[in-house]
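# Fold and contact review
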Amino acid sequence: MLDMVKKSLRNMTKKAFLVDYEDSSTFPTVAKARQAISRYCEKNGYSCAFTGKDEVTIDGIVYGIYRGYDPASGGNYGIKCKEK
């Protein structure tokens, strides 16, 4: 039980952020997601390296890239990076 609580707390404290995606009416491809994340990093002065199809390292922190339907944005598609 204690292990489950620790795991839940660890997941709750992971950083996640949304990346601006201009064409939110269409599903973001891998290439479009990478372009959007690169623009985000350049705009904010972060280093950025793609380490897998759906993985990026930003300023030394590894994030999973989630592309898809975002109900919080009124039913549009979006891109989210979440710390692994």
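Above this note sits the structure.
As the structure is a computational prediction, the values presented were derived from the model and not from experiment.

## Notes on the state of the cysteines
Counting across every chain of the model gives zero disulfides. Lacking any disulfide linkage, C81 is separated from the closest cysteine sulfur, that of C41, by 7.5 Å.

## Focus: the pairing of strand β5 (residues 76–83)
Across four bridges, the pairing between strand β1 (residues 16–19) and β5 is antiparallel. Residue F17 lies in a different strand from β5, and its bridge partner there is C81. Inspection of the sheet shows strand β4 (residues 61–70) paired to β5 by eight bridges, in the antiparallel sense. For D70, the partnering residue across the bridge sits in β5 and is N76.

## Some points on the nonpolar core
Formed by 13 residues in total, the largest nonpolar core has its most connected members in V19, I37, V56, I58, I65, I79 and C81. For this core, the elements supplying multiple residues, two or more each, are β1, α2 (30–44), β3 (55–58), β4 and β5. With four residues, α2 is the single largest residue contributor to this core. Setting aside its immediate chain neighbours within four residues, I58 contacts F17, I37, C41, Y46, S47 and Y63.

## What about the pattern of salt bridges?
Inspection of every chain in the model, using the stated rule, returns two salt bridges. For R67, the salt bridge goes to D54, with nearest N and O atoms at 3.3 Å. Highlighted residues: R67 in strand β4 and D54 in the loop between β2 (48–52) and β3, separated in sequence by 13 residues. Judged by its relative accessible area of 22%, R67 is partly exposed. Residue K84 is joined to E55 by a salt bridge in which the shortest nitrogen-to-oxygen separation is 2.7 Å. With K84 in the segment after β5 and E55 in strand β3, this pair connects stretches of sequence that are 29 residues apart. With a relative accessible area of 53%, K84 lands in the exposed category.

Rules of the game
By convention here, each chain's residues receive numbers from 1 onward along its written sequence. Reporting of local features is limited, given that this is a predicted model, to residues whose pLDDT is at least 70; pairs of side-chain atoms are given and counted only at 80 or more, and all residues count toward the totals for whole chains, interfaces and linings. Values reported for side chains reflect all heavy atoms of the structure, with hydrogen atoms and water molecules removed beforehand. Counting rule for disulfides: a pair of cysteine sulfur atoms within 2.5 Å. DSSP calls a pair of strands paired once it identifies at least 2 bridges connecting them. A run of H or I in DSSP becomes a helix once it reaches four residues, and a run of E becomes a strand once it reaches two; helices and strands are each numbered from the N terminus. Nonpolar cores were defined as sets of buried Ala, Val, Leu, Ile, Met, Phe, Trp, Tyr and Cys residues, with membership established by side-chain atoms within 4.5 Å. Whether a residue is buried, partly exposed or exposed follows from its accessible area with a 1.4 Å probe, protein chains only, as a fraction of its type maximum: under 20%, in between, or over 50%, in that order. Contacts are assigned to residue pairs that have any heavy atoms within 4.5 Å of one another. Throughout this description, the term salt bridge denotes a Lys or Arg side-chain nitrogen within 4 Å of a carboxyl oxygen of Asp or Glu.

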